[in-house]
2 protein chains.
Amino acid sequence: VCQTFPTPADRDTLMILEQFQFTGGNLLTTEKELQVNYILKKIKGKEIMEGMKTGKFAPAMHFFRAKELIEQSPVFNIIQMMPKGAGLHLHEYALLSVDWLVKNATYLPNCYICFTPVGGVRFHYFHRMQQRKMVNCSEWVLLEQYRRQIQNVTEFDNSLMRNLTLITENPEEAYQSQNIIWQRFSDAFAAASSLISYAPVFKTYFYEALKEFYHDNVQYIEIRALLLPVYELDGTLQNKTWSIMAYHEVARQFKDDHPDFMGTKVIFSVHRKSNNTEMKTAIYEAMELYNKFPETMAGFDMVGHEDAGHPLWYFRNELSIPAKLGVKLPYFFHAGETDWEGVHVDENILDALLLNTSRIGHGYSINKHLVAKQLSQKLDVALEVCPISNQVLMLVSNLQNHPAAALMAEGHPMVISADDPAVFGARGLSYDFYEAFMGIGGLKAELTTLRQLALNSINYSAMSAQMKVEAIKLWQKKWDQFLDAVVHMFNSDEL
Amino acid sequence: VCQTFPTPADRDTLMILEQFQFTGGNLLTTEKELQVNYILKKIKGKEIMEGMKTGKFAPAMHFFRAKELIEQSPVFNIIQMMPKGAGLHLHEYALLSVDWLVKNATYLPNCYICFTPVGGVRFHYFHRMQQRKMVNCSEWVLLEQYRRQIQNVTEFDNSLMRNLTLITENPEEAYQSQNIIWQRFSDAFAAASSLISYAPVFKTYFYEALKEFYHDNVQYIEIRALLLPVYELDGTLQNKTWSIMAYHEVARQFKDDHPDFMGTKVIFSVHRKSNNTEMKTAIYEAMELYNKFPETMAGFDMVGHEDAGHPLWYFRNELSIPAKLGVKLPYFFHAGETDWEGVHVDENILDALLLNTSRIGHGYSINKHLVAKQLSQKLDVALEVCPISNQVLMLVSNLQNHPAAALMAEGHPMVISADDPAVFGARGLSYDFYEAFMGIGGLKAELTTLRQLALNSINYSAMSAQMKVEAIKLWQKKWDQFLDAVVHMFNSDEL
Ligand SMILES: [Zn+2]
Ligand SMILES: [Zn+2]
C-alpha cells in the first residue's frame, strides 16, 4: 500500500509542530523556566485530571460559582504572583472592586441615593437643599440619614454591592437572555458612574483602581472611557479635558508612589447607539484630545451592547474623517462580541480591520470569518480576549468552548483582559488569566504561553516604542523574581 | 498615509471571498435554486431576527426545550422536505423513536422486565419458566401480567420511554456532569439493546428505522453496530455473521418496497474500554467480515465515552494489523468528542488521521489542533458533525458556539448526522440539519450550504463509486422535486 500522507511514524514530529504553533510554543526557555514549567505542569495536570474525574472544573462552571474554587487553586496562586504586563481592555467605571465604592464613596458626606422603579439605584453628591429630582428615580435621600434609620446597615450595604455588580446565586435563572443581562449590566454601570463622576471620588477611585491592578501584578493599563462630565459639589461640570488631565495626574502620582508601575492610557469611547452627527462631533473631539494629550490619549472606540447598536459600517463616513484629513487617530474597536453569525453587526470585525483598527476588542466571533481572521493574523492586529466577560454576558457557558482555544492553537495574536472586573466580581487580571490558561488553553498551555500573553500585552499596547523597551525591562526583572519565588514555594520533589 | 493592506473600498470583494469559502459558497446555482434561496433567506432571516429580539432562539436553547419551537419553524418544514442524502453517523440501538419499542416490542408475548437499583430497566423474551435472573436487576416480571395489575398503563409506558431516552424537563438539574449523563446514556442504550437483541424485534426494528429515515427524506444510512449476540426465544444466540446478514436482508427488503432508497452499510464497532487482546480479536473479526460482506460492511470503529476510554494510540499495534497484512479495513473513528484539550484522549483526532481513518466521528475538538485540522482538510477526511448529540451530552450548550461554525466558514469537509436520535428525542436527520443550518451556519448559510451538506453525505459515504453515481442521480431528482414543492408552497410575493 503506497501512502503519500503522514503515518503513525510521523506522530512525534506532528505533535511538536502543533505545540510549536500554539501561543508561546516557539519561545526559547531558560533553565529556570524549565524548572518552573515542570512544577506548573504537575500542579496544572493534577487540577485538570481532578476536574475531569469529578466533573467540577472551574472554567466549565459559571464564574459566580467558580470563583471560590479558583481561589483555592495553586495554579491561580502562581498566576497572581506572575507579572502579567498590561491590561488592555478595561472600562473606566468597572475597574475597582465595588467594596471600595460602597464602603468609602457612599460614606462620604453629602451622598444622596434614589431608587429606580426596576430596583436600581443612583447616587449624587449635593450641597444640602440643592438637589434636583432625577427622572425615573425616587426622591433623593441623604445616605447618612438613611443609614441611621435602618435596622441592618450591613445588609443595606450588601444590597448596594449587588446593585453595582451582576453577581447572583443563580445567574441562569436571573438572566434569561442576553438582552436582559445587558440591561442589568448597563444599570450597574450607571449606578457606579453616578458615584465615580463626583470629582473627589473620581480621582481616588482611579488611584485605588491602579493600586488593585498593581497588587495583582499588572504593570500598566489602558482604559476605555466615555469621558462623561465630572461634577463638583457645587454643581460645576468638568469637561473631557479635565477628565483626561485627571487620569494623567492620578497616574503620575501613582507612578511617583510606585516606580515599578508603567502608567496608563485612555481610549476615548462613545456609545454605539449614537447617531451620525454625534459620532462626527466625537471624532473631532477625539482628534483634538489625541493631539493635545499624546501621552495619555491612546485613541478611539465605541461601547455598548453590540447586537443592539449600530454596526461600525453605519459610521464609515465619520470614522474615515481622520484618514481623509491625514490626522492620526488610532482605533481600538470592540467587534464581534456576538453569537449571531451573519447579522448586520457581524461584519464589525472585518470593518474594524478595514478601518485600520490597532486591536480588536473581544473579536469573539472571528473564527466564523475566515477572511477577517486571516487579515487580523497578517496585519498582526491582536484580539483582546476577556473570558469571564464573555461567560457572564452569556456568549458562552463552558470556557473550554471559548473560540480563543482555536486561536491559541494557531498562535493568533491576542492578549487577555478583564473588561469589567468589578461588575463580574473579579479583581485585576488574574481570574481571567486563570480561565484562559486552564479552560481556553487546556493542558497544552504551558509557562511559555503565560509568558507570551504577558509579552503580547506590552507589545500590542499603545505605549511608545521607548516606553515598551522600558516596560519589557521592568517586566523581565519581575519575571525573574517570579520564577525564583515559584521555585522557592514549590519543592518539586514533593509534587 | 501609505496603506499596504485592504481598505474599506475592498469590502465587497472580501465579503464575497468570505462567502465563497463558506460550505457550499462556491456552488453554481440554477434559476430555480435562486428562487428557492430567496424564499429561504426571507423566512430564515425573519426567524433569526425574531430570536435575536426575544432571546428565544432554538439553537441557543437545550434541544429538549427547543424541540417544540423547532417543529413550528417553517425553515424546519423546508428541511424536512429536503432530500438530505445520507446519515453517516448513527448507532444501531438508537435509530428509531422509542415509541415504537414501547408500544410494539414490549407488547409482544413473552416480554419480561426487571428493574435495576439505579432506576433503570432491562427486558428479555423467554419461554415461560426459562428465565434466569440477571445480575444487578430485580426478578423478571412478565410485562403482560404486570400491565394487567397496574392502575395506569399509559403512565407506565411513558416511564419506559423515559428509561429509553435522556429526555427530562430540567436537564441541567438532572445531569450535573458529563460523567453522569454518560452513565444514564449507557443505561438507556442497554435497555434498548435488551429489547432489540431479540431476533424478531431486531429485524422489525431495523425495518421501521429505515422507514423513519426514509420518511425524513434520507436516502441511505451507515450505522455503527456492536454486533452483539441476537437471541431467539429458545435462548439460541446468533453470531455476528447472522446480524450482518439480517441487516443486509432487511435493507434489501426495504429497498424492494421503496425503490427510491439507496440502502445501508454497517460499521462494526467495539467499546473503547476493551483491552488489547479483545481489540486484536475484534480487528481480525472485522477483517473477516469486511472480506465476506463487502456490500454491507463499511469498516471498523470504537464507541463509548471517549474521555473515559482508552485513547486510539493505546491500540496502535492492533489497529496497524490490517495495514501490515496488506488487508483493507476502512476506519471510521470517533475522535475528539471532548472538551478537554491536551489530555491523553485528546490526540485521538491526529491519531485517527495517522491510522488512515476514512471519516472522523464528531471531531468536536479539531479546532484546537491545527496540524490535525490541516491534515483533515488536505486528506479530505470529513467530520461527522452531530449538533444535538454534542449539546445533550454536554459538550456545548449554545449551538451558535459549536466549533463547526468555524469549520463551515472555512469550507472544511463535513457531514451532518444525528448520532442517537432516539435517545435525544429527535427523528431522522432534520432536527440536526435545522440546528446546523440555523445555529452553526447562522445567516451566512444559504440553500447552497444545504445542498453541499447533502452532496457531502453521499460523497463521503462508504458507497462504491458506482453506487454514488446512482445515489447522486436519485438525489438530484428528489432535489428538483423539492425545489418545485418549496416554490409551490411559499408564494414569494407574500413573504
Ligand atoms: Zn469592553
Ligand atoms: Zn457516535
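Residues numbered from 1 in each chain as written. Chains lettered and ligands numbered in written order. Predicted model: local features only at pLDDT ≥ 70, side-chain atom pairs only at ≥ 80, totals over all residues. Heavy atoms only, no water.

Some thoughts on the interface of chain B and chain A
Then, number 1: Between chain B and chain A, the contact holds 60 residues from the first and 60 residues from the second.
Then, number 2: Both sides together, the interface formed by chain B and chain A hides about 5,400 Å², and carbon and sulfur atoms give 61% of it.
Then, number 3: It is Arg11(B), Met52(B) and Trp340(B) that lose the most area in chain B upon contact with chain A, and together they represent 14% of the buried surface on that side.
Then, number 4: In this structure, the salt-bridge partner of Arg11(A) is Asp351(B), at a minimum N-O distance of 2.6 Å.
Then, number 5: At the junction of chain B and chain A, the tally comes to 25 residue pairs in polar contact (both at pLDDT 80 or more).
Then, number 6: Looking at the side of chain B that touches chain A, the elements with two or more residues in it are helix 1 (11-21), helix 2 (31-54), helix 14 (348-354), helix 15 (370-378) and helix 17 (404-409) of chain B.
Then, number 7: Per element, the largest residue contribution to the side of chain B that touches chain A is 6 residues, and it comes from helix 1 of chain B.
Then, number 8: Here the residues of the side of chain B that touches chain A are counted per class, giving 30 nonpolar, 18 polar and 12 charged. (Contact = heavy atoms within 4.5 Å. Buried area = accessible area lost by both parts, 1.4 Å probe. Salt bridge = Lys/Arg side-chain N within 4 Å of Asp/Glu carboxyl O. Polar contact = N/O pair within 3.5 Å; in protein donor to acceptor, adjacent residues only side chain to side chain. Helix = DSSP H or I, 4+ residues; strand = E, 2+ residues; numbered from the N terminus. Nonpolar A, V, L, I, M, F, W, Y, C, P; charged D, E, K, R; others polar.)

Section: the pairing of strand 5 (residues 220-225) of chain A
All names here are of chain A.
Then, number 1: Counted residue by residue, strand 5 has 6 buried out of 6 residues, so it is predominantly covered.
Then, number 2: Pairing analysis gives 4 bridges linking strand 1 (residues 86-91) to strand 5, with the strands arranged parallel. The partner of Gly87 across the bridge, within strand 5, is Ile221. (Buried < 20%, exposed > 50% of the residue type's maximum accessible area, 1.4 Å probe, protein only. Pairing = 2+ DSSP bridges.)

Structural notes on the relation of the copies chain B and chain A
Then, number 1: Screw-axis analysis of chain B against chain A gives a translation of 0.0 Å along the axis, an RMSD of 0.0 Å, and a rotation angle of 180°. The superposition of one copy onto the other is thereby described by a two-fold rotation axis.
Then, number 2: Here 100% of the contact residues of chain B are again contact residues in chain A; the copies associate through an equivalent surface. (Least-squares fit on C-alpha atoms with pLDDT ≥ 70 in both.)

A word on a nonpolar patch on the surface
Then, number 1: Taken together, the side chains of Tyr284(A), Leu325(A) and Val327(A) define a hydrophobic patch exposed on the protein surface, amounting to about 260 Å² of accessible area.
Then, number 2: Along the polypeptide, Tyr284(A) turns up in helix 12 (residues 276-292). (Patch = residues over 30% accessible without salt bridge, like charges linked within 9 Å, V, L, I, M, F, W, Y side chains within 5 Å. Areas by Shrake-Rupley, 256 points an atom, 1.4 Å probe, with all protein chains shown as cover.)

What to know about the sheet that holds strand 11 (residues 359-362) of chain A
Residues and elements named next belong to chain A.
Then, number 1: The parallel open sheet is built from 4 strands, whose spatial order is 10-11-12-13. Two strands bound the open sheet, and with one partner strand each, they are strand 10 (334-335) and strand 13 (414-416).
Then, number 2: When strand 10 meets strand 11, the two strands line up parallel, connected through 2 bridges. Paired with His334 across the bridge in strand 11 is Gly361.

Section: the coordination of the zinc ion (ligand 2)
Residues and elements named next belong to chain B.
Then, number 1: Around the zinc ion (ligand 2), the protein contributes the donor atoms His89 (NE2), His91 (NE2), His334 (NE2) and Asp419 (OD), at 2.1 to 2.4 Å from the metal centre.
Then, number 2: Because the angles between the 4 donor atoms bound to the zinc ion (ligand 2) fall within 83 to 170°, the donor set is best described as irregular.
Then, number 3: Donor residues binding the zinc ion (ligand 2) come from one chain and are separated in sequence as H-x1-H-x242-H-x84-D. Of the two residues examined, His89 and His91, each falls in the buried class. (Donors = N, O, S within 2.8 Å, 3.2 Å for Na, K, Ca; no water. Tetrahedral: all angles 85-135°; square planar, octahedral: opposite > 155°, others 65-115°.)

Concerning helix 7 (residues 153-164) of chain A
All names here are of chain A.
Then, number 1: The end-to-end C-alpha separation of helix 7 is 17 Å, in line with the 16 Å expected for 12 residues at 1.5 Å each.
Then, number 2: Those residues of helix 7 that fall on the buried side of the exposure criterion are Phe156, Asp157, Leu160, Met161, Asn163 and Leu164. All buried residues of helix 7 fall inside an arc of 155° around its axis, so they share one side.
Then, number 3: Contacts from the buried residues of helix 7 go to helix 5 (98-103), strand 2 (111-115), strand 3 (121-125), helix 6 (143-149), helix 9 (178-196) and helix 19 (421-424).
Then, number 4: At the N-terminal end of helix 7, a side-chain oxygen is found 3.2 Å from the backbone nitrogen of Thr154, two or three residues along, and the residue is Asn152. (Expected span 1.5 Å × (residues − 1). Arc of directions from axis to C-beta.)

Remarks on the environment of Ala199(B)
Then, number 1: Summarising the element assignment, Ala199(B) is placed in helix 10 (residues 199-215).
Then, number 2: Those residues in contact with Ala199(B), other than ones at most four positions away along the chain, are Val230(B), Tyr231(B), Glu232(B) and Trp242(B).

A look at unusual backbone geometry
Then, number 1: In this model, Met394(A) sits at a positive phi of 70°, which is unusual for a non-glycine residue.
Then, number 2: You can call Met394(A) partly exposed: its relative accessible area is 26%.

Observations concerning the state of the cysteines
Residue and element names in this part refer to chain A.
Then, number 1: This model, assessed by the stated rule, comprises 2 disulfides over all chains.
Then, number 2: Between the sulfur atoms of Cys114 and its disulfide partner Cys137 the distance amounts to 2.1 Å. Taking the sign of the S-S torsion, about 100° here, the bridge from Cys114 to Cys137 comes out right-handed. Of this pair, Cys114 sits in strand 2 while Cys137 sits in the loop between strand 3 and strand 4 (141-142), and the two are 23 residues apart along the sequence.
Then, number 3: You can call Cys114 buried: its relative accessible area is 0%. (Disulfide = S-S within 2.5 Å.)

Describing the coordination of the zinc ion (ligand 1)
All names here are of chain A.
Then, number 1: All of the protein donors around the zinc ion (ligand 1) are His89 (NE2), His91 (NE2), His334 (NE2) and Asp419 (OD); their distances to the metal are 2.1 to 2.3 Å.
Then, number 2: Seen from the zinc ion (ligand 1), its 4 donor atoms lie at angles of 84 to 171°, and the figure they make is irregular.
Then, number 3: In terms of primary sequence, the donors binding the zinc ion (ligand 1) are separated according to H-x1-H-x242-H-x84-D.

Side note on the pattern of salt bridges
Residue and element names in this part refer to chain A.
Then, number 1: Summed over the entire model, instances satisfying the criterion amount to 42 salt bridges over all chains.
Then, number 2: Across the pair Glu33 and Arg451 runs a salt bridge whose closest N-O atoms are separated by 2.9 Å. Of the two residues, Glu33 sits in helix 2 (residues 31-54) while Arg451 sits in helix 21 (residues 447-459), which places them 418 residues apart along the sequence. Taken as a pair, Glu33 and Arg451 share a single burial class, namely buried.
Then, number 3: Note that Arg224 is salt-bridged to Asp301, the shortest N-O span being 2.8 Å. With Arg224 in strand 5 and Asp301 in strand 9 (residues 297-303), this residue pair connects regions lying 77 residues apart in the sequence.
Then, number 4: The class for Arg224 is buried, based on a relative accessible area of 0%.
Then, number 5: Judged by its relative accessible area of 0%, Asp301 falls in the buried class.
Then, number 6: Shared partners join several salt bridges into a network, and the residues in it are Glu222, Arg224, Asp301, Arg359 and Glu384.

Regarding the confidence of the model for chain A
Then, number 1: With 98% of its residues at a pLDDT of 70 or more, chain A shows a mean pLDDT of 95.
Then, number 2: Interface confidence in the predicted complex, given as ipTM, is 0.92; pTM for the same model is 0.95. (pLDDT = per-residue confidence, 0-100.)

Examining the packing of aromatic side chains
Residue and element names in this part refer to chain A.
Then, number 1: Under the defined criterion, the tally for this structure stands at 56 aromatic pairs over all chains.
Then, number 2: The interplanar angle of 50° and the centroid separation of 6.1 Å between the aromatic rings of Phe115 and Tyr146 together place this pair among those described as tilted. Here Phe115, found in strand 2, pairs with Tyr146, found in helix 6; they are 31 residues apart in sequence, far enough to count as distant.
Then, number 3: Overall, the relative accessible area of 31% leaves Phe115 in the partly exposed class.
Then, number 4: Tyr146 gets classed as partly exposed once you look at its relative accessible area, which sits at 23%. (Phe/Tyr/Trp six-rings, centres within 6.5 Å; stacked < 30°, edge-to-face > 60°.)

What about the side chain of Glu337(B)?
All names here are of chain B.
Then, number 1: Looking at the element boundaries, Glu337 is found in the loop between strand 10 (334-335) and helix 14.
Then, number 2: Despite its burial, Glu337 remains without a salt bridge, the nearest opposite charge being carried by Arg272 at 6.2 Å.
Then, number 3: Excluding residues within four positions of it along the chain, Glu337 makes contact with Trp182, Glu306, His362, Tyr364, Ser389, Leu393, Leu395 and Asp419. (Lys, Arg positive; Asp, Glu negative; His and termini not counted.)

Comments concerning the packing of helix 20 (residues 447-459) of chain B against helix 21 (residues 465-489) of chain B
Residues and elements named next belong to chain B.
Then, number 1: The contact between helix 20 and helix 21 brings their axes to 10 Å, and the two run at 155°. With respect to helix 21, the axis of helix 20 lies roughly antiparallel. Of the two elements, helix 20 crosses helix 21, and the hand of that crossing is right-handed. For the pair helix 20 and helix 21, the contacting residues are Leu447, Arg451, Ala454, Leu455, Ile458 and Asn459 in the first and Lys468, Ala471, Ile472, Trp475, Trp479, Phe482 and Leu483 in the second.
Then, number 2: Residues of the contact of helix 20 with helix 21, tallied by class, amount to 10 nonpolar, 1 polar and 2 charged. (Axes fitted to C-alpha atoms, helices over the stretch in contact; angles between N-to-C directions. Parallel < 35°, antiparallel > 145°, perpendicular 65-115°, else oblique. Left-handed = near helix turned anticlockwise from the far one by under 90°.)

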